[in-house]
Amino acid sequence: MKYIPTIGIECHVQLCTKTKLFSEVDNDARGKEPNSCVSPVDYALPGMLPRLNGEAIKYAIRAGRAMNCEINASSRFDRKHYFYPDSPKGYQITQFYHPIIGEGYVELPSGTRVRIEHAHLEGDAGKLTHFKDYSLVDLNRVDTPLIEIVSMPDIHSAKDVHDYCKELWRLMCHAGVTNGDLYNGNMRFDVNVSVAEEGSEKLGTRAEIKNLNSFRSAERAAEFEIKRQTKLLEAGEKVKQETRGWDDATGKTSPQRSKEEAKDYRYMPEPDIPPINLTKEFIDTESAKLPLMPMDYRNLFHDIIKEDVLEVLLDYPQLMNKLGEIALSSHLGHTQGRSAELMVLDGTTSAISLTSNLFTSVLLAEEKSVEYLNDLPSAKDLNELAEMNEKKELSSTATKEVFLHLFDPQMKGRGTKQIAKELGLIQENDLGALEKIVDIVLAKPETQKAQIDFKAGEEKVIGFLVGQVMKESHGKANPSSVQEILRKKLK
Ligand code: MN
């Protein structure tokens, strides 16, 4: 008997708005004292009323459009009741009946499509830290805006779990709606796994593995769960519907609690926040702000950038933006929204190819790469660098050196050519000028023996002579031109 896994994923994305979803306190609590970013609204002091953050609505529209989703013109909030010390309100404000984001899909790099059922806005809960016989509560995260993205059960392998989580992370980062800081829990995945006999029309009983915070643990947890459930079924036992936790260290899931049903939460419409009604113009304006998405870049650059290099670069929206600028700037000004008809400009191919290699092999290898990412050289400077490299005015080593100096605050604004000049890296390609330098070297007593040896068939001394010319030119001569001239003169 063959068993087929069926997997759906819920993902919570923390939005990077300035303030929280219902109050005006700082939404970025990283590195701040516990309970220092909390408004009385967040812990529901009697008499306090929430006020919806309009930015969060705009972010939700962009996030929805990044997943090809319908945006619902009207949506509203509900209260989801539960009692736990991480939420002094006693309920979470979420969207249960009328979410803001409707159906859509995410396309994985492999081409597999995972449909999105819906996505909704909601406030986060606080954080508990447990010690031996007591726990501490930190409410800084209460009502940080989240969108919860609910996929359809379209995933059938642990690898696709990984690829879906990663692509979702990239989409949200490219859309600019989250800091995407997985280490700080900016995106958390709940993976629902069930297994059923091949050909069976009914899905198996599912277990939900909650709060996975990396692509790798989501993949490993799914892998473990598929095996565990398959074993149970093969032994003629039943899978229990439950919530399970994942332990990265042991590589195992274990039961946490039996799954609640909607009725346990006593959902009711949130009376303190009016429904959200969006005009078509508003939705269109926000949708148009969506920059190019990973799939747009794959379509644009598949002939120019090698796939493995491109997949690395796609993790860095700033780098892709810059490549997009090089490829498109001169005829579009800047990229307004998405377009299926985007094409790489003629003549920019070599600049894109060189720059993408410099990004992966030089920039990302630098210790300061995180700083550099937020302060990239202009498209004009990068274009010029590619041009000088292509014309052999800069050797490949010199190209890398000039590239790094483009980030130097002391050299900022001077332009590629000026920097290359100041560093003395421009290669001498003027054959007349090179010939004069070669003549000087050939006239020197210390090269006489080498010249005689070369003429006598001693091939390898050409290297010595080229080296002498390079030295005489202070490293600026183009070595292949030098060799050519030497060979001609020593015939
Ligand atoms: Mn949720």
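We now turn to the structure provided with this report. (Residues numbered from 1 in each chain as written. Predicted model: local features only at pLDDT ≥ 70, side-chain atom pairs only at ≥ 80, totals over all residues. Heavy atoms only, no water.)

A few words now on the overall build of the chain. A count of helices and strands for the chain gives 16 helices and 15 strands. Computed over C-alpha atoms, the radius of gyration of the chain comes to 30 Å, more than 25% over the 23 Å expected from 2.2 N^0.38 for 491 residues, which places it beyond the range of a compact globule. Once the C-alpha set of the chain is aligned to its principal axes, its extents read approximately 95 × 55 × 50 Å. Burial analysis of the chain (491 residues in total) assigns 49% to the buried set. Across the chain, every contact between residues at least 6 apart in sequence was considered, and the portion connecting residues at least 24 apart equals 69%. Approximately 25,100 Å² of the chain is accessible, and the part contributed by carbon and sulfur atoms is 50%. Within the chain, the 76 negative side-chain charges are centred at a point lying 2 Å from the centre of the 64 positive side-chain charges. (Helix = DSSP H or I, 4+ residues; strand = E, 2+ residues; numbered from the N terminus. Rg over C-alpha atoms; globule rule 2.2 N^0.38 Å. Buried < 20%, exposed > 50% of the residue type's maximum accessible area, 1.4 Å probe, protein only. Contact = heavy atoms within 4.5 Å. Areas by Shrake-Rupley, 256 points an atom, 1.4 Å probe, with all protein chains shown as cover. Lys, Arg positive; Asp, Glu negative; His and termini not counted. Charge placed at Lys NZ, Arg CZ, Asp CG, Glu CD.)

Okay, the pattern of salt bridges next. All chains considered together, the criterion is met by 39 salt bridges. Taking the shortest distance from any N to any O, the salt bridge between Asp-248 and Arg-220 comes out at 3.0 Å. Here Arg-220 lies in helix 3 (residues 215–234) and Asp-248 lies in the loop between strand 12 (242–247) and strand 13 (252–258), a separation of 28 residues in the sequence. Residue classification places Asp-248 among the partly exposed residues on the basis of a relative accessible area of 41%. (Salt bridge = Lys/Arg side-chain N within 4 Å of Asp/Glu carboxyl O.)

Let us now look at a nonpolar patch on the surface. There is a patch of nonpolar side chains on the surface, built from Tyr-43, Leu-45 and Met-48 and spanning about 240 Å² of accessible area. Note that Leu-45 resides in the loop between strand 1 (3–14) and helix 1 (54–66). (Patch = residues over 30% accessible without salt bridge, like charges linked within 9 Å, V, L, I, M, F, W, Y side chains within 5 Å.)

By definition, a disulfide links two cysteine residues through a covalent bond between their sulfur atoms. As enumerated under the stated definition, the model contains 0 disulfides in all. With no disulfide of its own, Cys-69 has Cys-11 as its nearest cysteine by sulfur position, at a separation of 13 Å. With a relative accessible area of 1%, Cys-69 lands in the buried category. (Disulfide = S-S within 2.5 Å.)

Counting residues in each nonpolar core, the largest one holds 64 residues, and the members touching the most others are Met-67, Ile-149, Tyr-164 and Met-172. Counting residues per element, this core draws most heavily on helix 2 (residues 158–174), at 9 residues. Beyond its immediate chain neighbours, meaning those up to four positions away, Tyr-164 contacts Ile-9, Val-106, Leu-108, Val-114, Ile-116, Ile-149, Ser-151 and Ile-155. Ranked by size, the runner-up nonpolar core spans 43 residues in total, among them Ile-304, Leu-319, Leu-323 and Leu-373. (Core = buried A, V, L, I, M, F, W, Y, C linked by side-chain atoms within 4.5 Å.)

In space, the 3 strands of this open sheet follow the order 4-3-14, with antiparallel pairing throughout. The open sheet terminates on both sides in strands that have one partner only, identified here as strand 4 (91–94) and strand 14 (268–269). Two elements, strand 3 (residues 78–81) and strand 14, share 2 bridges in a ladder whose sense is antiparallel. Note that in strand 14 the partner of Asp-78 across the bridge is Pro-269. (Pairing = 2+ DSSP bridges.)

On to helix 13 (residues 431–443). Residues lying three or four places apart along an α-helix face the same way, a consequence of the helix completing one turn every 3.6 residues. Taking 1.5 Å as the rise per residue, helix 13 with 13 residues should run 18 Å; its terminal C-alpha atoms sit 18 Å apart, in good agreement. When we look at burial in helix 13, the residues that qualify are Leu-434, Ile-437, Val-438, Val-441 and Leu-442. Along helix 13, the residues classed as buried sweep out an arc of 135 degrees about the axis, all on the same side. Every exposed residue of helix 13 that faces more than 90 degrees away from the buried side is listed here: Lys-436 and Ala-443. Where helix 13 is buried, its residues meet helix 14 (448–455), helix 15 (461–472) and helix 16 (479–489). (Expected span 1.5 Å × (residues − 1). Arc of directions from axis to C-beta.)

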